[in-house]
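# Residue-level structural notes
Okay, here's what each chain looks like letter by letter:
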There are 2 protein chains.
Amino acid sequence: MEREPTRVMVAVNESTIKGKPHPSISSKRAFEWTLEKMVRSNTSDFKILLLHVHVVDEDGFDEVDSIYASPDDFRDMRESNKSKGLHLLEFFVTKCHEIGVSCEAWIKKGDPKDVICQEVSRVRPDLLVLGSRGLGRFQKVFVGTVSGFCVKHAECPVLTIKRNADETPSDPADD
Amino acid sequence: MEREPTRVMVAVNESTIKGKPHPSISSKRAFEWTLEKMVRSNTSDFKILLLHVHVVDEDGFDEVDSIYASPDDFRDMRESNKSKGLHLLEFFVTKCHEIGVSCEAWIKKGDPKDVICQEVSRVRPDLLVLGSRGLGRFQKVFVGTVSGFCVKHAECPVLTIKRNADETPSDPADD
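Residues numbered from 1 in each chain as written. Chains lettered and ligands numbered in written order. Predicted model: local features only at pLDDT ≥ 70, side-chain atom pairs only at ≥ 80, totals over all residues. Heavy atoms only, no water.

## Some words on the relation of the copies chain B and chain A
Each of the two chain copies can be generated from the other by rotation about an axis followed by a shift along it. Superposing chain B onto chain A takes a rotation of 180 degrees plus a shift of 0.0 Å along the axis, which leaves an RMSD of 0.0 Å. Those values place the two copies in the arrangement expected of a two-fold rotation axis. Proximity to the rotation axis, assessed at the C-alpha, singles out Leu159(B) in chain B; its C-alpha lies 2.0 Å from the axis. The fraction of interface residues of chain B whose copies in chain A are also interface residues reaches 100%, indicating that both copies meet through the same surface. (Least-squares fit on C-alpha atoms with pLDDT ≥ 70 in both. Contact = heavy atoms within 4.5 Å.)

## Here we look at helix α1 (residues 25–39) of chain A
Residue and element names in this part refer to chain A. A rise of 1.5 Å per residue sets the reference length of α1, with its 15 residues, at 21 Å; its end C-alpha atoms lie 20 Å apart and thus fit the reference within 8%. Most of α1 is tucked away, with eleven of its 15 residues classed as buried. Burial in α1 covers these residues: Ser 26, Ser 27, Arg 29, Ala 30, Phe 31, Trp 33, Thr 34, Leu 35, Lys 37, Met 38 and Val 39. One or two positions beyond α1, positive phi appears at Arg 40, with a value near 50 degrees. (Helix = DSSP H or I, 4+ residues; strand = E, 2+ residues; numbered from the N terminus. Expected span 1.5 Å × (residues − 1). Buried < 20%, exposed > 50% of the residue type's maximum accessible area, 1.4 Å probe, protein only.)

## Re the sheet that holds strand β3 (residues 102–109) of chain A
The strand order across the open sheet built from ten strands is β3(A)-β2(A)-β1(A)-β4(A)-β5(A)-β5(B)-β4(B)-β1(B)-β2(B)-β3(B), with neighbouring strands paired in mixed fashion. Because the sheet does not close on itself, it has two edges, and the strands there are β3 of chain A together with β3 (102–109) of chain B. Averaged over neighbouring strand pairs, the angle between their axes works out to 20 degrees when direction is ignored. With eight bridges joining them, strand β2 (residues 46–54) of chain B and β3(B) adopt parallel strand pairing. The residue bridging Leu50(B) from the neighbouring strand is Ala105(B), located in β3(B). (Pairing = 2+ DSSP bridges. Axes fitted to C-alpha atoms, helices over the stretch in contact; angles between N-to-C directions.)

## Some thoughts on the pattern of salt bridges
Under the defined criterion, the tally for this structure stands at 18 salt bridges over all chains. A salt bridge links Lys37(B) to Asp126(A), with the nearest nitrogen and oxygen atoms 3.2 Å apart. Placement of the pair is Lys37(B) in helix α1 (residues 25–39) and Asp126(A) in the loop between α3 (112–123) and β4 (127–132), with the two residues belonging to separate chains. Both residues of the pair, Lys37(B) and Asp126(A), count as buried. Here Glu119(B) and Lys108(B) are joined by a salt bridge, their closest N and O atoms 4.0 Å apart. In this pair, Glu119(B) is assigned in helix α3 (residues 112–123) and Lys108(B) in strand β3, connecting sequence segments eleven residues apart. Relative accessible area serves as the criterion here: at 5%, Glu119(B) is assigned to the buried category. What emerges from the salt-bridge pattern is a single network uniting Lys108(A), Glu119(A) and Arg122(A). (Salt bridge = Lys/Arg side-chain N within 4 Å of Asp/Glu carboxyl O.)

As structure tokens, this is what we get:
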């Protein structure tokens, strides 16, 4: 058995449900599954690489309640988006430190499915872990699916973890 | 961290390339990746569940060089098919015993993608591991894809492991 730790990249994102910066149901579930079922108590055998892809919203249409009266407002919004990503990574990094598994975390901008595959090619993890909403074919037409794309295109093994049925929100496209 | 071992179901099949009963390139790769990168030296933390789905060929058209002159010939062919499956499982079970990870192995008949999902529902593993040929869209139309189906339909996390590029045979539909 080899000595180098198994490098596990976990792609994480924010929830679409509430306003505060907390992880999506599916990425939280994927992360927790990885620690509980794969890392277990063998923390020195694994290294967790946490990637958050920030979807750039240049027009700010996400923030429908915001008022933009000056260039500063746009800068503030961008700062706010950035700190949301940091809060998200802080959540996961704190969990890793609590159980004693080493980790790295970083943020990239762009289309999640493309950026995840690019980062796999660049960082060369042993494994990519993705949460999945487990949407049906009809739902996917409208909301897209990052995991389906990455299973096909990422240059490493891909572990896809669906949400538990009892965690699915009323609108399954939400997460 | 929990005490029960993580139960990892690995679906294995025979190679389509040569006549002798040896594992397919992709299922061998998936199995070896699982031991090397996930189980590592923590053998008591994992249990490997090996499933081989035997594709029933009632007409015997697989065996183009065989001559059927009596009912016994068909029985002999069925016995031969059965022993092929046993040889296949023996290969994987022997490897598990060598490294000291506990395992179970069994054979089912039917359409692999359907049977694998049924067995996941019945056996409730923590994880399903599948080798994949990594075929493109055009190739999939003709040869089908077990992994794509199981990622969508299996009721547990699914780890998909593609063959290494240097292991791909001249006809990528072969395995």
